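# Working through the structure, step by step
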Amino acid sequence: MPQYPNRQFLEFEKPIKELYEQIDDTKKLAEKNPKIDYSTTIAQLEASISEKRKEITMHLTPWQRVQLSRHPDRPYTLKYIQNMCTNFLELHGDRNVKDDKAMVGGFAELDGETVMIIGQQKGVNTKTRQLRNFGMANPEGYRKALRLMRLAEKFNKPVICLIDTPGAFPGLEAEERGQGEAIARNIYEMIRLKVPVVIVIIGEGASGGALGIGVGDKTLMMENTWYTVISPESCSSILWRTWDKKELAAEQLKLTSIDMKGFGLVDEIVNEPDGGAHWDYVDAAERLKSILITTIAELKKKGIEERINDRIDKYCKMGFWEENPAIQEAAFLDSKP
């Protein structure tokens, strides 16, 4: 995990940065004055950092949670796999076009059980971000994911999908190769998979790019993530013709984990370490791992048909609406011969 001073701080994390700077200054004083014991002062400042992290987490706005989900130090799919699983064997290619680096997946052992784990992967620096296409998959990425899911079904292994994408790649070449069809095909096939499927939003969950690997028996959501049809910036640009309203858009979209749980679109929220998952990769992964183990064990108790029917019912019941009796009556009268 990156440590200060290499750590990057968001605007609302500046109080934490100031405390780190005070620790640095205190350590420099200790070097200049070796006869004076500054250990108590440093310990107090470190305790203050822990308290400040907790305080910041308790009072986050929807836009701040969006910012945390995009934090450059936040753990991505491969980091979660590294800290949750053993014997990860990455599989490549869609057997049609090429290997999409924005989508990774393969077999791994989770607490001794073999699972198929798939997810979108962002880069950690400029070079790898370009390589991973900023986590935006092309059609071959979704076709690779589907190939791996069918492989898991063949060997009767549970599937875990980790979602972290600003959306599917919107380029012309992606549309030419059937981006919409690839995502639609995945949704259609995932609803009928015979093995347990667990979905986890670990960062950004935007648009069809998320839904392309986002259909399962259970959907988990990390605490400081978001899940909606459009990013706050794009929503703001459409409604107000400017990105300046992105904070208002984030609030109105109701995109946080708490909102999603309230709407019944996700089943469980996974709490993160104080301040966010980027402060402790191991702790964040352990929290998610324990819930995954329990969830998969519960899903395996169900029969295949029961699991598929429950999955279908779950998605059929999503959303809420209100019917106007007058419109219903008019439609009934119009239908009469």
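None of these values were measured; they are calculated from a predicted model.

Here is what the cut-offs are and how they apply
Residues numbered from 1 in each chain as written. Predicted model: local features only at pLDDT ≥ 70, side-chain atom pairs only at ≥ 80, totals over all residues. Heavy atoms only, no water. Phe/Tyr/Trp six-rings, centres within 6.5 Å; stacked < 30°, edge-to-face > 60°. Helix = DSSP H or I, 4+ residues; strand = E, 2+ residues; numbered from the N terminus. Buried < 20%, exposed > 50% of the residue type's maximum accessible area, 1.4 Å probe, protein only. Salt bridge = Lys/Arg side-chain N within 4 Å of Asp/Glu carboxyl O.

### Let's talk about the packing of aromatic side chains
- As enumerated under the stated definition, the model contains three aromatic pairs in all.
- Ring geometry for Phe9 versus Tyr20: centroids 6.2 Å apart, planes at 55°, classification tilted. Of this pair, Phe9 sits in the segment before helix H1 (14–32) while Tyr20 sits in helix H1, placing them eleven residues apart in sequence.
- With a relative accessible area of 15%, Phe9 lands in the buried category.
- Among the residues examined, Tyr20 registers a relative accessible area of 18% and is labelled buried.
- Three or more aromatic residues joined by ring pairs make a cluster, and in this case those are Phe9, Tyr20 and Trp279.

### Quick word on the pattern of salt bridges
- Inspection of the entire model under this criterion finds 20 salt bridges.
- With its nearest N and O atoms 3.5 Å apart, the salt bridge here joins Glu11 to Lys14.
- Residue Glu11 is classed as exposed on the basis of its relative accessible area of 59%.
- Judged by relative accessible area, Lys14 falls into the partly exposed class, the value being 30%.
- Its salt-bridge partner being Arg287, residue Asp283 comes within 3.2 Å of it at the nearest N-O pair. Linking Asp283 with Arg287, this pair stays in helix H13 (residues 281–300), spanning four residues, or about one helical turn.
- Residue classification places Asp283 among the partly exposed residues on the basis of a relative accessible area of 26%.

### Some remarks on unusual backbone geometry
- Phi angles above zero are rare outside glycine, and Arg95 is one such case at about 60°.
- By the element assignment, Arg95 lies in the loop between strand E1 (86–90) and strand E2 (103–110).
- Positive phi outside glycine occurs at Ser207, with the angle close to 60°.
- Along the polypeptide, Ser207 turns up in helix H9 (residues 207–211).

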